[in-house]
Amino acid sequence: MQRRPVNDLAVHCDDLSVARGGVRVVEGVTLRLEAARALALMGPTGAGKSSLAAILAGADNASLTVVGGAAHVAGISVRRGGRARRVRSYLTGYLEQGAGAQLAARMTVAELIGEPVTSRDRRVNQRALSYRIAGLLDEVQLPLGAAAKYPYELSSGMRQRVALARALVLQPRVFIGDDPYANLDPEVRLAARDALLRRRDEEAMAILIVTNDAVAVQELDADVLVLRGGHPVGFGHGTSDVLWTPDEATRLAS
């Protein structure tokens, strides 16, 4: 596959504000994430990290709305609906928080992983899709026999891996993961990490994750945006190079 230009802006936010149920949960976020780069959203519970990730990913959540500023993902405005939103969802692989626990119970693993493809193209080459699914199962260290199983037959860690494979099946330009390594054993976590890094390095996929795990940030060589109370309070490369806003620096020193 041809590598995408690395100077593409995969995610671009200017003074973005987001409301959940009419209440502002993200305020004044500006960020730029280039292709083939990684960004981690960090901060305490309730900081607005998941809401920001969900709005950028185009999550199907009517309670989330953009109430200020602008944001583009893969060059498409997050304010646009209809066909533009469908195209953005095609270009974005989204692993929401607790995705493994939310898999449709009546679909097999193969159906779940392939559904982002089959829902867009009913005439898809089934043999080619089967090969792609088998490759993803191997990549996340699931046995090929898991393809015929249902979510209730799998452990929580296996379900999380199915959700990750589903998020990657469309070979997205941008991967947005909310705590992507949840419920994964250390060995399997490495496989999940390698799956992301391989696409970043070979296909210039951009990576945006929600995490407070400093090791995950280091492994992805990620920039860091720290949120608190919905506001950006720090930014830097890695957890040891964060520059804090004046107010936050004063708070930390006190």
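Described below are features of the structure shown in this document. (Residues numbered from 1 in each chain as written. Predicted model: local features only at pLDDT ≥ 70, side-chain atom pairs only at ≥ 80, totals over all residues. Heavy atoms only, no water.)

Right, let's talk about the packing of helix H3 (residues 109–118) against helix H4 (residues 126–139) for a bit. The contact between H3 and H4 brings their axes to 10 Å, and the two run at 120°. It follows from the interaxial angle that H3 and H4 lie oblique. For the pair H3 and H4, the sense of crossing is right-handed. For the pair H3 and H4, contact is made by Val109, Ala110, Ile113, Gly114, Val117 and Thr118 and by Gln126, Leu129, Arg132, Ile133, Leu136 and Leu137, respectively. Of the residues in the contact of H3 with H4, the class split is eight nonpolar, three polar and one charged. (Axes fitted to C-alpha atoms, helices over the stretch in contact; angles between N-to-C directions. Helix = DSSP H or I, 4+ residues; strand = E, 2+ residues; numbered from the N terminus. Parallel < 35°, antiparallel > 145°, perpendicular 65-115°, else oblique. Left-handed = near helix turned anticlockwise from the far one by under 90°. Contact = heavy atoms within 4.5 Å. Nonpolar A, V, L, I, M, F, W, Y, C, P; charged D, E, K, R; others polar.)

Ranked by internal contacts, the top residues of the largest apolar core, which has 47 residues, are Ile113 and Phe175. Mapped by element, the contributors of at least two residues to this core are strand E3 (38–42), H3, H4, helix H5 (156–168), helix H6 (186–203), strand E8 (206–210), helix H7 (214–219) and strand E9 (223–228). The element contributing the most residues to this core is H5, with seven residues. Ile113 has contacts with Ile133, Leu136, Leu137, Val162, Ala165, Arg166 and Val169, leaving out every residue within four places of it along the chain. In this structure, Ala10, Ala71, Val174 and Val210 belong to the second largest nonpolar core, which totals 31 residues. (Core = buried A, V, L, I, M, F, W, Y, C linked by side-chain atoms within 4.5 Å. Buried < 20%, exposed > 50% of the residue type's maximum accessible area, 1.4 Å probe, protein only.)

Right, let's talk about the packing of aromatic side chains for a bit. Counted according to the given criterion, the structure contains one aromatic pair. A ring pair is formed by Tyr150 and Tyr152, whose centres lie 6.1 Å apart and whose planes are at 15°; its orientation type is stacked. For Tyr152, a relative accessible area of 64% corresponds to the exposed category. (Phe/Tyr/Trp six-rings, centres within 6.5 Å; stacked < 30°, edge-to-face > 60°.)

Turning our eyes to something else, we now look at the environment of Val73. Looking at the secondary structure, you find Val73 in strand E4 (residues 64–73). Val73 gets classed as buried once you look at its relative accessible area, which sits at 0%. Here the alpha-carbon distance between Val73 and Leu9, two residues 64 residues apart in the chain, equals 8.1 Å.

Moving on, we come to unusual backbone geometry. Residues other than glycine seldom take positive phi values, yet Ala74 does so here, at roughly 55°. One can find Ala74 in the loop between E4 and strand E5 (76–77). Looking at Ala74, the relative accessible area reads 10%, which means it is buried. In this structure, Gln171 is a non-glycine residue whose phi angle is positive, near 50°. Turning to its location among the elements, Gln171 is positioned in the loop between H5 and strand E7 (174–178). The exposure class assigned to Gln171 is partly exposed, which follows from its relative accessible area of 32%.

This part covers the sheet that holds strand E1 (residues 9–20). The four strands are arranged E2-E1-E4-E5 in an open sheet whose pairing can be described as antiparallel. At either margin of the open sheet sits one strand with a lone partner, and together these are strand E2 (23–34) and E5. (Pairing = 2+ DSSP bridges.)

The subject of this paragraph is the sheet that holds strand E6 (residues 92–95). Each strand in a sheet pairs with its neighbour through backbone hydrogen bonds, running either in the same direction (parallel) or in the opposite one (antiparallel). Spatially, seven strands are ordered E6-E7-E8-E3-E9-E10-E11 in an open sheet, and the strand pairing comes out mixed. At either end of the open sheet lies a strand with only one pairing partner, and these are E6 and strand E11 (242–244). Each strand of the sheet is rotated relative to its neighbour by a mean of 20°, with strand direction disregarded. In this sheet, E8 lies alongside E3 in parallel orientation, the contact comprising four bridges.

Okay, the pairing of E2 next. Summarising the sheet, E1 and E2 pair through eight bridges and their orientation is antiparallel. By the bridge assignment, Cys13 is partnered in E2 with Leu31.

Let's shift gears to the environment of His72. Structurally, His72 can be placed in strand E4. For the pair formed by His72 and Cys13, sequence separation is 59 residues and the distance between their alpha carbons is 6.4 Å. Beyond its immediate chain neighbours, meaning those up to four positions away, His72 contacts Ala10, Val11, His12 and Ser77.

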